[in-house]
Amino acid sequence: MSRPRTPPAPAEGGARPGAGTPAPGPGGGPAIVLQGLTKRFRALTAVDDVSFTVQPGTIFGFLGPNGSGKSTVIRMLCGLIAPTAGSASVGGFDIVRDPESIRERIGYMSQRFSLYEDLTVLENLTFYGRVYGLRGAALEARRDAVAGLVHIGDRLTQRAGTLSGGWKQRLALACALIHEPRILFLDEPTAGIDPVARRELWDLLFQLAGEGATLFVTTHYMDEAERCTEVGYIYLSRLIVSGPPRDLKRLPGVTPAGTQRFEVRCLAPDGTSLPTRGLVILRRMPGVRDATIFGDAVHLLVDEGVSPATLRAAVEGNGIAQAQVRPMGPSLEDVFVALTAAEEARRRAARAGGRA
Ligand SMILES: Nc1ncnc2c1ncn2[C@@H]1O[C@H](COP(=O)(O)OP(=O)(O)OP(=O)(O)O)[C@@H](O)[C@H]1O
Ligand SMILES: [Mg+2]
């Protein structure tokens, strides 16, 4: 076997976990707790005073723009880098006092996961299994189990380097699961894979959560966020909000008082959808605060006085034969857009007041 390029992160410190690790937190406490967690890299504050709790069996989706601090939070929670301030526990273990116990018990698929490309699928699984102290029949059983779970059983002799992106992702997930961790950190597990592979991977995540695992998943995909039990949104190092998607959509400020949301479908005489044409017209209408294309429809945030009839009257004609208007609730994207704007305004005000 050739030398691995880089050692897998969870193996740091030569940890030797037992398979079938215990449930999260002692006494059935939360799986993950962050309290004022902060990380500074010299002058840069990458993670600023972040606090939240993740209960066992949850799929927690962690979102935020590039460079907001998601991976840095994960690396602290996995015991790979120390926080500058604040504290956190994973599975009941403190990330500063007991990072080894954490690394033994968690699965971690990093954003740039390391498979050993010149090794076969089976050799990769074997390698990671051994890192976690599995040997003999136990190793074989876990290898079979995870290969079955990600449906990679008929590719065991294929070199990892020749797998397509989606299959590499699956293999990386299988490697992260080899020691049956009860808490899994997945940093953008579906980046760059096709929609079918994404859906299959999410089916798998639901299966794992259904079996009691806790999943902490970063993603830039809103449809994935909508599927999570809870989501957290971090913006420029600070957590803006966290909670179940349904609760976040009801937060004051997401749909401001005196406004309402509509979905408008603009149809040509032959029934074709013309969202772009509709968007141009709707954006010019008085009382329209925000208009965005979603799929083949336009999503609108409008003043209360703007009725479906007004919208239809404005849009119909102009090559649009029919406008279908229906009221709708906010999407998670709407939530994040609204709360980010509010946070920006708060920061501007703080700067103006000389407090930032
Ligand atoms: N080891 C490091 N040294 C210095 N700066 C770092 C280090 N690691 C991360 N950073 C900085 O911390 C900030 C947060 O980075 P992080 O990788 O956590 O963001 P992210 O939210 O995961 O972004 P992405 O969505 O692009 O993956 C960035 O400004 C990044 O450049
Ligand atoms: Mg990242």
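Bear in mind the structure is a predicted one, so any value in this text is a computation, not a measurement. (Residues numbered from 1 in each chain as written. Chains lettered and ligands numbered in written order. Predicted model: local features only at pLDDT ≥ 70, side-chain atom pairs only at ≥ 80, totals over all residues. Heavy atoms only, no water.)

1. Notes on the coordination of the magnesium ion (ligand 2)
Here is step 1 of the chain: Only Ser71 (OG) and Gln111 (OE1) from the protein reach the magnesium ion (ligand 2) as donors, at distances of 2.0 to 2.2 Å. In this pair, Ser71 is assigned in helix α1 (residues 70-77) and Gln111 in the loop between β6 (106-109) and α3 (121-131), connecting sequence segments 40 residues apart.
Here is step 2 of the chain: Classification of Gln111 as partly exposed rests on a relative accessible area of 30%. (Donors = N, O, S within 2.8 Å, 3.2 Å for Na, K, Ca; no water. Helix = DSSP H or I, 4+ residues; strand = E, 2+ residues; numbered from the N terminus. Buried < 20%, exposed > 50% of the residue type's maximum accessible area, 1.4 Å probe, protein only.)

2. Points about the site of ligand 1
Here is step 1 of the chain: In the vicinity of ligand 1 there are 15 residues, among which Gly67, Lys70, Ser71, Thr72 and Gln111 approach most closely.
Here is step 2 of the chain: Taking Gly69, its main chain carries an N or O atom lying 3.0 Å from an oxygen atom of ligand 1.
Here is step 3 of the chain: At 3.5 Å from an oxygen atom of ligand 1 is found a side-chain nitrogen or oxygen belonging to Glu188.
Here is step 4 of the chain: Contact with the protein chains hides 64% of the accessible area of ligand 1, taken as 640 Å² for the molecule alone.
Here is step 5 of the chain: Contributions of two or more residues to the shell around ligand 1 are made by β2 (44-54) and α1.
Here is step 6 of the chain: Tallying contributions element by element places α1 first for the shell around ligand 1, with 4 residues.
Here is step 7 of the chain: In terms of residue class, the shell around ligand 1 is made up of 4 nonpolar, 8 polar and 3 charged. (Near = heavy atom within 4 Å. Polar contact = N/O pair within 3.5 Å; in protein donor to acceptor, adjacent residues only side chain to side chain. Areas by Shrake-Rupley, 256 points an atom, 1.4 Å probe, with all protein chains shown as cover. Nonpolar A, V, L, I, M, F, W, Y, C, P; charged D, E, K, R; others polar.)

3. Remarks on the sheet that holds strand β10 (residues 238-243)
Here is step 1 of the chain: Taken together, the 6 strands give an open sheet; going across it, the order is β6-β7-β8-β3-β9-β10, and neighbouring strands pair in mixed fashion. Among the strands making up the open sheet, the edge pair consists of β6 and β10. When strand polarity is set aside, the average angle formed by the axes of neighbouring strands in this sheet is 15°. (Pairing = 2+ DSSP bridges. Axes fitted to C-alpha atoms, helices over the stretch in contact; angles between N-to-C directions.)

4. Thoughts on empty space enclosed by the protein
Here is step 1 of the chain: What the rule picks out here adds up to 1 cavity of 30 Å³ or more.
Here is step 2 of the chain: In this structure, the largest cavity spans a volume of roughly 40 Å³.
Here is step 3 of the chain: Along the walls of the largest cavity sit Arg261, Asp290, Thr292, Phe294, His299, Leu300, Leu301, Met328 and Asp334, which together make up its complete lining.
Here is step 4 of the chain: Of all the elements in the fold, those that place two or more residues in the lining of the largest cavity are β12 (288-294) and β13 (297-303).
Here is step 5 of the chain: Per-class residue counts for the lining of the largest cavity are 4 nonpolar, 2 polar and 3 charged. (1 Å grid on protein atoms, 1.4 Å probe; cavity = no way out; pocket = protein on both sides within 12 Å on 5 of 7 lines; lining within 4 Å. Points joined across faces, edges and corners; volume = space filled by probe spheres on them.)

5. Digging into the domain arrangement of the chain
Interfaces are often described in size by the accessible area the parts lose on coming together.
Here is step 1 of the chain: By domain assignment, the chain separates into domain 1 (9-243) and domain 2 (259-329).
Here is step 2 of the chain: Here the C-alpha centroids of domain 1 and domain 2 sit 42 Å apart. (Domains from an automatic or database assignment.)

6. Focus on the pairing of strand β3 (residues 59-63)
Here is step 1 of the chain: Burial runs high along β3: 5 of the 5 residues are buried.
Here is step 2 of the chain: Here β3 shows a buried face lined by Ile59, Gly61 and Leu63 and a second buried face lined by Phe60 and Phe62.
Here is step 3 of the chain: As paired strands, β3 and strand β8 (residues 214-218) are joined by 4 bridges and run parallel to one another. Each bridged residue has a counterpart across the sheet, and for Phe60 the counterpart in β8 is Phe216.
Here is step 4 of the chain: Relative to strand β9 (residues 230-235), β3 is paired through 4 bridges, and the arrangement is parallel. Paired with Leu63 across the bridge in β9 is Tyr233.

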